[in-house]
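Observations on chain architecture
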Number of protein chains: 2
Amino acid sequence: MTDSTRYELFYWPTIQGRGELVRLALEEGGASYVDVARLPEADGGGEAALLELLRDHGAGPAPFAAPILRVGSLVLAQTAAILDFLAPRLGLLPADEAARHHALQLQLTIADALTEVHDVHHPIALSLYYEDQREEARRRARHLVAERLPRFVGHFERVLAGSDGHHLLGAPSYVDLSLFQLIRGLEYAFPRAMAGLAADHPRCLALADRVAARPRIAAYLASPRRIPFNQDGIFRHYPELDAAP
Amino acid sequence: MTDSTRYELFYWPTIQGRGELVRLALEEGGASYVDVARLPEADGGGEAALLELLRDHGAGPAPFAAPILRVGSLVLAQTAAILDFLAPRLGLLPADEAARHHALQLQLTIADALTEVHDVHHPIALSLYYEDQREEARRRARHLVAERLPRFVGHFERVLAGSDGHHLLGAPSYVDLSLFQLIRGLEYAFPRAMAGLAADHPRCLALADRVAARPRIAAYLASPRRIPFNQDGIFRHYPELDAAP
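Residues numbered from 1 in each chain as written. Chains lettered and ligands numbered in written order. Predicted model: local features only at pLDDT ≥ 70, side-chain atom pairs only at ≥ 80, totals over all residues. Heavy atoms only, no water.

1. Observations regarding the sheet that holds strand 1 (residues 6-10) of chain A
Residues and elements named next belong to chain A. For the record, the criterion: Strands pair, by our definition, only if DSSP identifies at least two bridges between them. By definition, any uninterrupted DSSP run of H or I lasting at least four residues is a helix, any uninterrupted run of E lasting at least two residues is a strand, and each is numbered from the N terminus. Axis lines are fitted to C-alpha atoms, over the contacting stretch for helices. Their N-to-C directions set the angle, which ranges from 0 to 180 degrees. Any two residues whose heavy atoms approach within 4.5 Å are treated as being in contact.
Taking strand neighbours across the sheet as the criterion, the four strands line up as 2-1-3-4 in an open arrangement whose pairing is mixed. Two strands bound the open sheet, and with one partner strand each, they are strand 2 (32-35) and strand 4 (74-77). On average, adjacent strands in this sheet sit at an angle of 20° to one another, irrespective of strand direction. With three bridges connecting them, strand 1 and strand 3 (residues 68-71) associate as antiparallel partners. Residue pairing in the sheet places Phe10 in a bridge with Ile68 of strand 3. Against the sheet, helix 1 (residues 19-28) makes contact with strand 1 and strand 2, and its axis sits at roughly 160° relative to strand 1, the strand it touches most.

Encoded structure:
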């Protein structure tokens, strides 16, 4: 599928965050896109560009937060809504109508997992530093590692076992890209816990490896466009929060 | 719009929860539906019916959690995915294509608000009782009330101010029904905090009143089909968590 549309992504320029799920879809879809806030401020980029769009978004409802996609006069926020919009345009969905609905279902469960993983280092408030909620984080992490990570990863393993074993929807889709990101992020943030889960979840790990090896994704991951994992995003590696389940 | 499809909703039978957003859409859309788990077990209802569907879901990806909609052979989970599926079928969206995407955007922000409101009484773990995380809940609630509720309610007030002032998308849609539920839930759980927000958010409160007065919604709210707010759902009234912002 070719698509000559010019897409503009507005997201925080120093983290993967939820914006990474959109970046992966744009890359795999071969889209012509600009990651606007990663341009220099002199070229209309930087966080200033994102903040300006949050203030003055044109027609349509105001975005609550980034990521935001701009395509012509359409300004669209919320990661899963952006992916649902992009997927048919970039050839990132099987053709049947049910696939679109099931893709959204799966994407929203990935989104739920991301929220729980994020909140483990911010169990009390987004507005507080990690250091100011470290004890609560430690307590929450024990439950995340023992109960929630096995439940989420086990869920996707079950979905893969019930499909063709290789793709969540039985054929390539954007949801595979997001699951790749979830698995890689968990491996970064919780290496001990994920080592404990590896043996029972071979399909999830194999999917992540296959996505990483796709030509466009491999090129992206090797490029400076891929921001490394760091301690400001959703996935943060605090050894005290990582325990074998 | 008439729709002779028979919809089956599977959700926990004793709470509003996220399932309520689907119930409101089915009611306003005049759908022919069964709230399966609220039927007697002898008639194939009860939690047993929900648990059975979670185990044995037929074709398509497994659901992670309820609510789940079954329509013919389609089994679809995740509240926002269900609403996105139902909306065009039940006449709950403006006709233009951008409206569908913007509705999903707004619905996902409502979903984010619901998650934050739920987690205030479960900041450490879903698997622990409130009483076992009460101190953390109290700490989190101060931030929710002072920072997050004004941000969420303020966001929807801004969206209403930027549309026709009466509907989030400038015309009736399912997202208005969900905002009604969010506002009523917040009024139940945080009456003091919401009293403090009322003066600055007249459009949100007027929208909730208008939705409550729609004939089908008014009939639903007055019927035994509407489960009252209680201390097991997303919205729980713990006075110690409710402070004027």
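2. Here's the deal with the packing of aromatic side chains
Applicable threshold: By convention, a stacked pair of Phe, Tyr or Trp rings (six-membered ring in the case of Trp) has centres within 6.5 Å and planes under 30 degrees apart, an edge-to-face pair has planes over 60 apart, and any other such pair is tilted. With a 1.4 Å probe rolled over the protein chains alone, any residue whose accessible area is under 20% of its type maximum counts as buried; one over 50% counts as exposed, and the rest are partly exposed.
Evaluation of the coordinates by the stated rule reveals eight aromatic pairs over all chains. Ring geometry for A:Phe152 and B:Phe64: centres 4.7 Å apart, planes at 5°, overall stacked. Note that A:Phe152 is positioned in helix 5 (residues 134-162) and B:Phe64 in the loop between helix 2 (46-55) and strand 3 (68-71), a pairing that runs across two chains. Owing to a relative accessible area of 11%, B:Phe64 belongs among the buried residues under this scheme. For the ring pair A:Tyr188 and A:Phe229, a centre distance of 5.1 Å and an interplane angle of 15° mean the geometry is stacked.

3. A few points about the interface of chain A and chain B
Often, the extent of an interface is quoted as the loss of accessible area upon association of its parts. Rules: Here the quantity called buried area is the accessible surface, traced with a 1.4 Å probe, that two parts lose on coming together, added over both. What makes a salt bridge here is a side-chain nitrogen of Lys or Arg within 4 Å of a carboxyl oxygen of Asp or Glu, nothing more. Polar contacts, as counted here, are pairs of nitrogen or oxygen atoms within 3.5 Å of one another; within protein the pair requires one atom able to donate a hydrogen and one able to accept it, and residues that are adjacent in sequence qualify only if both atoms are side-chain atoms. Classification used: nonpolar for Ala, Val, Leu, Ile, Met, Phe, Trp, Tyr, Cys and Pro, charged for Asp, Glu, Lys and Arg, polar for all others including Gly.
Each partner contributes residues to the interface: chain A has 51 residues there, and chain B has 51 residues. For the chain A and chain B pair, buried surface summed over both sides reaches about 4300 Å², with 57% attributable to carbon and sulfur atoms. Between the two partners, chain A and chain B, sit four salt bridges. Linking A:Arg100 and B:Asp84 is a salt bridge whose minimum nitrogen-to-oxygen distance equals 3.1 Å. Between the two partners, chain A and chain B, sit 30 residue pairs in polar contact (both at pLDDT 80 or more). Counting residues per element, the ones that place at least two in the side of chain A that touches chain B are helix 2 (46-55), strand 4, helix 3 (79-90), helix 4 (97-120) and helix 5 of chain A. Considering each element in turn, the side of chain A that touches chain B owes the most residues, twelve residues, to helix 4 of chain A. Residue composition of the side of chain A that touches chain B, by class: 25 nonpolar, 13 polar and 13 charged.

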